[in-house]
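Notes for the structure review
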There are 2 protein chains.
Amino acid sequence: MNANHLEKSKILIRYLEQHGRVPKDMATLIINETRVIEFKKRKHIVSPLDMHPNMYFILSGAARGFTREDGEDLTTWITIEGQIVGLTLFSKQFSTAKPQFIETIEPCQVILITNLLVKKLLAEYPEMSMICRKLLWQHYHDAEERNYLIRLNSAVKRLNRMNDTHPQFYHRIPLKYLASYLGMRIETLSRLRSQMLNSSTT
Amino acid sequence: MNANHLEKSKILIRYLEQHGRVPKDMATLIINETRVIEFKKRKHIVSPLDMHPNMYFILSGAARGFTREDGEDLTTWITIEGQIVGLTLFSKQFSTAKPQFIETIEPCQVILITNLLVKKLLAEYPEMSMICRKLLWQHYHDAEERNYLIRLNSAVKRLNRMNDTHPQFYHRIPLKYLASYLGMRIETLSRLRSQMLNSSTT
């Protein structure tokens, strides 16, 4: 345990505290049993082969969730630092579920919260159950937002909606992932961006 | 309290028990403080004006969730008996969230679980927190499935995926809601159905 790790675990604990109380010994357990790890760009954080996927709190960087369809990636979500990924994989997979990958888009520094630690926290602290419930609720809300966005019937509406809800993505996330996430061709997204740039400079 | 209500509350309790233990006094509280109500076809169960939306366990019938976009309905989910609706509205709305409606597609018999009762159950029974967590996880999974389905790049793929995961919908849900849910025009869905019918009879 070094000062750097302690400081970083505290970021995670403050994040959890936004969703419920974290008793002192629960915080100590988290500090003792998590560690900070790094992923380079384009590395799989979670693959469908993980039978007991871990949870990861992103300290810095960006990641995406995707499935494969006819040999092509289908980006279903994008997230950046300050969020937990893998939370919703923490349970047995439904038999009809499409295999899910989580991949880094940028180099990522994350806090690894192992499957075993999550189980321990859930078993020992009712507070953890409440925090997970609130986090799941938020993830559900985010999933419904993506569901709404992708159903909008024009490319420009979808791009505008993303800019309203996730303005950080526009300049930061590479075109190919954004286009897949927004359900449009790269050329279409590229054209819309040029149009927006032109209209903002005239 | 009549025998009919008792019998129906037990269906709800058995449903909750699939996700966690229901202590005897928690079951008694549910039996005493829920009631069975009926909605005709095309009635709003939940509208965005509900500041404290209730939860409803559907005993019989079908319902859909939708938002409005440029004066048109956008059906984002469909559900049938044996499921809870409104669960994910149980918390403050996010500021960017699109207003959500829940409407009956068929006449529905439901068990009303008031917002107040949910709060009481969550405050008194850690088991309720766990059950809600598991239900939310399942709802999240369902939302991601819809997210995947709607991103499939051809109408026939989307229809096939729906038939794989929710075979009940195909013959039961009216075309206009199915078409909106599947992100296709009514004419396209109608044509695909005729083609499927022809190929299964030849």
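All of these numbers come straight from a predicted model, not from anything done at the bench. (Residues numbered from 1 in each chain as written. Chains lettered and ligands numbered in written order. Predicted model: local features only at pLDDT ≥ 70, side-chain atom pairs only at ≥ 80, totals over all residues. Heavy atoms only, no water.)

Quick word on the overall build of chain A
Counting its regular elements, chain A contains eight helices and eight strands. Considered along the principal axes of its C-alpha atoms, chain A spans approximately 55 × 40 × 30 Å. Residues counted as buried form 54% of the 202 residues belonging to chain A. In chain A, the share of contacts with a sequence separation of at least 24, taken over all contacts with a separation of at least 6, comes to 73%. (Helix = DSSP H or I, 4+ residues; strand = E, 2+ residues; numbered from the N terminus. Buried < 20%, exposed > 50% of the residue type's maximum accessible area, 1.4 Å probe, protein only. Contact = heavy atoms within 4.5 Å.)

What to know about the packing of aromatic side chains
The tally for this structure, following the rule as stated, stands at eight aromatic pairs over all chains. An angle of 75° between the planes, with centres 6.2 Å apart, marks the rings of Phe169(A) and Tyr181(A) as edge-to-face. Here Phe169(A), found in helix 6 (residues 169-172), pairs with Tyr181(A), found in helix 7 (residues 175-181); they are 12 residues apart in sequence, far enough to count as distant. Neither Phe169(A) nor Tyr181(A) differs from the other in exposure class; each is buried. The interplanar angle of 45° and the centroid separation of 5.1 Å between the aromatic rings of Tyr15(B) and Phe57(B) together place this pair among those described as tilted. Note that Tyr15(B) is positioned in helix 1 (residues 3-17) and Phe57(B) in strand 3 (residues 55-60), a separation of 42 residues in sequence. Looking at Tyr15(B), the relative accessible area reads 6%, which means it is buried. (Phe/Tyr/Trp six-rings, centres within 6.5 Å; stacked < 30°, edge-to-face > 60°.)

Here we look at the pairing of strand 8 (residues 108-113) of chain A
Two faces make up the sheet, and in a regular strand the side chains alternate between them. Residues and elements named next belong to chain A. Most of strand 8 sits inside the fold, with six of its six residues counted as buried. Residues Cys108, Val110 and Leu112 line one face of strand 8 and the alternating positions Gln109, Ile111 and Ile113 line the opposite face, and both faces are buried. Taken together, the five bridges between strand 1 (residues 35-39) and strand 8 define a ladder with antiparallel strand orientation. When the sheet's bridge partners are listed, Val36 is paired in strand 8 with Ile111. For strand 3 (residues 55-60) and strand 8, the ladder comprises five bridges, and the chain directions are antiparallel. Bridge pairing links Phe57 to Ile111 in strand 8. (Pairing = 2+ DSSP bridges.)

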